[in-house]
Amino acid sequence: MKTFLKVVIFSLAVIIFYAFYANKMIPQVKPAPPPVEAKLDMGSLTMEQFIQMGETIFHGKGTCELCHNPVGGRAPLLDQVGKRAEERLKDPRYKGKAKTGEEYIRESMVEPSAFVVAGFGVTGTNDTQSPMPVVTSGAIGLKDFEVDAVIAYLQQKAGVPVTVQLPKEAPSAAKEEAHAAAPAKTAEEVVAKYGCGACHKVAGQQGALGPDLTKIGAKRNKDYLRSKILDPKATPVPGFPSGMMPQDFGAKMTAGELEMLVNYLAKSK
Ligand code: HEC
Ligand code: HEC
């Protein structure tokens, strides 16, 4: 009997060891990401994939979430914008050109000041000027079909019919996307890649939500700048909303990109 127990205990130990080993010690094999071209094969694109693309852009390249999130409170939440878009057109303050909900959302993205949601305008402009960047130019630079993808995503999220059309042909976006993932070669590219210009005046960008960085080198040294980018919450600048600047640049930037950016800012005087 004793031997039997020993065998049972030994077997259990072996099983537990291997279960643990398999879970913890063997590195998980992640499936390789699909090639960029496959993702952007417009020929066989379904609406479902197009909406998925819009969601990816919304959370990533579009930088929408930098402002449209429940934490900062600096921009309206967009979960239901697909639904309220048509209501906006009936607002007595509405002076834009849109006739449909879809057109309203597109106009919000390409001409943010056409209609400024009450209470969200640039301070001192009485809601005539929007702090939102034009998302088809500058740092964000969405293509038309990417804007459409985001609209499709926002309509679906709000549970209204998706009215945008699938893009007809594949632009040469595949190459550009691949390029965007490559490390930036100049400080200006770093600024563009990480969307600093959505919030800051820097490297030709006109963001208005954070401090102007065009002369930042005159008052801040490289150590401060580096740690501010890596851990913005540690040194909040008074007079600006704390917690708004993204906290994950350290995880995303390459060391080379960070140094290029820090050197560039330190020299901006
Ligand atoms: C730098 C901050 C910022 C970024 C980045 C930004 N927005 Fe905005 N957005 C705002 C603010 C502030 C408003 C409210 C003022 C206005 O109406 O323009 C707004 C308004 C909107 C509206 C109108 C909302 C309504 O209730 O009528 C839409 C739609 C919108 N944004 C979509 C987007 C999308 C999509 C993206 C990403 C591609 C994006 N925004 C990126 C700040 C931002
Ligand atoms: C979503 C908006 C947002 C983005 C994107 C953003 N910042 Fe900021 N940043 C802020 C705000 C708001 C402050 C001021 C409040 C604070 O200190 O957190 C700030 C503060 C700073 C400061 C300190 C300025 C001073 O006077 O001390 C630096 C430097 C800075 N940001 C650099 C960057 C760089 C570089 C990037 C891009 C890699 C970037 N920020 C992206 C919003 C942003």
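For the structure, see preceding data.
Scoring rules and cut-offs
Residues numbered from 1 in each chain as written. Chains lettered and ligands numbered in written order. Predicted model: local features only at pLDDT ≥ 70, side-chain atom pairs only at ≥ 80, totals over all residues. Heavy atoms only, no water. Helix = DSSP H or I, 4+ residues; strand = E, 2+ residues; numbered from the N terminus. Buried < 20%, exposed > 50% of the residue type's maximum accessible area, 1.4 Å probe, protein only. Areas by Shrake-Rupley, 256 points an atom, 1.4 Å probe, with all protein chains shown as cover. Near = heavy atom within 4 Å. Polar contact = N/O pair within 3.5 Å; in protein donor to acceptor, adjacent residues only side chain to side chain. Donors = N, O, S within 2.8 Å, 3.2 Å for Na, K, Ca; no water. Tetrahedral: all angles 85-135°; square planar, octahedral: opposite > 155°, others 65-115°. Contact = heavy atoms within 4.5 Å. Axes fitted to C-alpha atoms, helices over the stretch in contact; angles between N-to-C directions. Parallel < 35°, antiparallel > 145°, perpendicular 65-115°, else oblique. Nonpolar A, V, L, I, M, F, W, Y, C, P; charged D, E, K, R; others polar. Core = buried A, V, L, I, M, F, W, Y, C linked by side-chain atoms within 4.5 Å. Phe/Tyr/Trp six-rings, centres within 6.5 Å; stacked < 30°, edge-to-face > 60°.

**Looking at the overall build of the protein chain**
- Looking only at helices and strands, the protein chain has 12 helices and 2 strands in total.
- Its helices and strands in sequence order give the protein chain the pattern α-α-α-α-α-α-α-α-α-β-β-α-α-α, from N to C terminus.
- Residue burial in the protein chain is summarised as follows: out of 269 residues, 35% are buried.
- Counting every atom, the protein chain has about 16,400 Å² of accessible surface; 60% of that belongs to carbon and sulfur.

**Focus on the site of ligand 2**
- Around ligand 2 there are 29 residues in total, and Cys196, Cys199, His200, Lys228 and Met245 lie nearest to it.
- Side-chain polar atom of Lys228 to an oxygen atom of ligand 2: 2.5 Å apart, as the coordinates give it.
- At 2.8 Å, a backbone N or O of Val237 approaches an oxygen atom of ligand 2.
- Where the shell around ligand 2 is concerned, the elements lending two or more residues are helix H10 (222-230) and helix H12 (255-267).
- For the shell around ligand 2, the leading source of residues is H10, giving 4 residues.

**Describing the coordination of the iron atom of ligand 2**
- Within the protein, the atoms that donate to the iron atom of ligand 2 are His200 (NE2) and Met245 (SD), at distances of 1.9 to 2.2 Å.
- Its 6 donor atoms give the iron atom of ligand 2 angles of 84 to 178° at the centre, a pattern that matches the octahedral case. Within this pair, whereas His200 is found in the loop between helix H9 (187-194) and strand E1 (201-202), its partner Met245 is found in the loop between H10 and helix H11 (249-252), the two being separated by 45 residues in sequence.

**Here's the deal with the side chain of Asp148**
- Among the secondary structure elements, Asp148 is positioned in helix H7 (residues 144-158).
- Setting aside chain neighbours within four positions, we find Asp148 in contact with Phe50, Arg106, Val164 and Gln165.

**Quick look at the packing of helix H3 (residues 47-59) against H7**
- Where H3 meets H7, the axes come as close as 7 Å, and the angle between the chain directions of the two elements is 100°. It follows from the interaxial angle that H3 and H7 lie roughly perpendicular. On H7, the residues touching Met47, Phe50, Ile51, Met53, Gly54, Glu55, Ile57, Phe58 and His59 of H3 are Phe145, Glu146, Asp148, Ala149, Val150, Ala152, Tyr153, Leu154 and Gln156.
- Residues of the contact of H3 with H7, tallied by class, amount to 12 nonpolar, 3 polar and 3 charged.

**As for the nonpolar core**
- Ranked by size, the top nonpolar core spans 29 residues in total, and within it Tyr104, Ile105, Met109 and Leu154 carry the most contacts.
- When contributions to this core are tallied by element, the ones reaching two or more residues are H3, helix H5 (81-90), helix H6 (101-110) and H7.
- If you tally residues by element for this core, the top one is H7, at 8 residues.
- Ala184, Tyr224, Leu261 and Ala266 belong to the second-largest nonpolar core, a separate cluster that totals 18 residues.

**Looking at the packing of aromatic side chains**
- Under the criterion given, the structure shown has 5 aromatic pairs.
- Ring centres of Phe58 and Tyr153 lie 5.5 Å apart, and the angle between their planes is 55°; on these two criteria the pair is classed as tilted. With Phe58 in helix H3 and Tyr153 in helix H7, this pair connects stretches of sequence that are 95 residues apart. Both residues of the pair, Phe58 and Tyr153, count as buried.
- Between Tyr94 and Phe115, the aromatic rings sit 5.7 Å apart at their centres with planes inclined by 55°, giving tilted as the arrangement. A residue pair is termed long-range when its members are at least 10 positions apart, and Tyr94 in the loop between H5 and H6 and Phe115 in the loop between H6 and H7 qualify at 21 residues.
- We classify Tyr94 as buried; its relative accessible area is 11%.
- Residue classification places Phe115 among the buried positions, given a relative accessible area of 8%.
- Ring pairing ties together the aromatic residues Tyr94, Tyr104 and Phe115, which thus form one cluster.

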